[in-house]
Amino acid sequence: ADHADAAIAVSDTAAIDVMRDLAENGEGREPVVAGESAVAGLAALLSIASDAAKRTALGLDASARVLVFGTEGDTDPDLYRDLVGKSGDDVREGAS
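Please read these numbers as outputs of a predicted model, since none were measured by experiment. (Residues numbered from 1 in each chain as written. Predicted model: local features only at pLDDT ≥ 70, side-chain atom pairs only at ≥ 80, totals over all residues. Heavy atoms only, no water.)

Let's shift gears to the environment of Leu46. Locating Leu46 in the fold gives a position in helix H2 (residues 40-49). Under the relative-accessibility criterion, Leu46 is labelled partly exposed at 45%. (Helix = DSSP H or I, 4+ residues; strand = E, 2+ residues; numbered from the N terminus. Buried < 20%, exposed > 50% of the residue type's maximum accessible area, 1.4 Å probe, protein only.)

This is the structure:
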């Protein structure tokens, strides 16, 4: 309680959706190979960003800066392929 402003749970589905989104190279961005643990922070941020009340409660406005760590790639290649629909190598090969 003395060191946190908020806590959020991220569903498996939300994490997998972010993994898949990062693996695509749409909108002029490079694809990213990020495992299920790596994307939890980003999935939480996206959930908060889409909810005005949550943004306000956390003070996330146009001046906010957020640092999200993603420290895992396709550490379990078979699981990554099952969740994303292609291998980490395929994702990396799609990078320009």
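Between helix H1 (residues 12-23) and helix H4 (residues 77-84), the least distance of the axes is 9 Å, while the angle of their chain directions is 90 degrees. The pairing of H1 with H4 is recorded here as roughly perpendicular in orientation. Here H1 contributes Ile16, Met19, Arg20 and Ala23 to the contact with H4, which in turn contributes Tyr80, Leu83 and Val84. Taken together, the residues of the contact of H1 with H4 sort by class into six nonpolar, no polar and one charged. (Axes fitted to C-alpha atoms, helices over the stretch in contact; angles between N-to-C directions. Parallel < 35°, antiparallel > 145°, perpendicular 65-115°, else oblique. Contact = heavy atoms within 4.5 Å. Nonpolar A, V, L, I, M, F, W, Y, C, P; charged D, E, K, R; others polar.)

A few words now on H1. The end-to-end C-alpha distance of H1, which contains twelve residues, comes to 17 Å, matching closely the 16 Å that a straight helix rising 1.5 Å per residue would cover. On its buried face, H1 sits against H2, H4 and helix H5 (88-93). (Expected span 1.5 Å × (residues − 1).)

So, on to the side chain of Asp74. Position of Asp74 among the secondary structure elements: in the loop between helix H3 (52-58) and H4. Residue classification places Asp74 among the buried positions, given a relative accessible area of 19%. Polar contacts involving the side chain of Asp74 include one to the side chain of Arg92, which spans 3.1 Å. Not counting residues up to four positions away in its chain, the partners in contact with Asp74 are Val33, Tyr80, Gly88, Asp89 and Arg92. (Polar contact = N/O pair within 3.5 Å; in protein donor to acceptor, adjacent residues only side chain to side chain.)

Here we take up a negative patch on the surface. A cluster of acidic side chains, namely Asp12, Glu36, Asp76 and Asp82, defines a negative patch on the protein surface. Tracing the backbone through its elements, the reader meets Asp12 in helix H1. The exposed category is assigned to Asp12, whose relative accessible area is 64%. (Patch = residues over 30% accessible without salt bridge, like charges linked within 9 Å, V, L, I, M, F, W, Y side chains within 5 Å. Areas by Shrake-Rupley, 256 points an atom, 1.4 Å probe, with all protein chains shown as cover. Salt bridge = Lys/Arg side-chain N within 4 Å of Asp/Glu carboxyl O. Lys, Arg positive; Asp, Glu negative; His and termini not counted. Charge placed at Lys NZ, Arg CZ, Asp CG, Glu CD.)

What H4 keeps buried is the set Tyr80, Leu83 and Val84. Angular distribution of buried residues about the axis of H4 spans 85 degrees; they occupy a single face of the element. Those residues of H4 that are exposed and aimed more than 90 degrees away from the buried face are Asp78 and Asp82. Structurally, H4 contributes buried residues whose contacts are with H1 and H5. Within two residues after H4, Gly85 carries a phi angle of roughly 95 degrees, on the positive side. (Arc of directions from axis to C-beta.)

Purely geometric numbers; function is a separate question.
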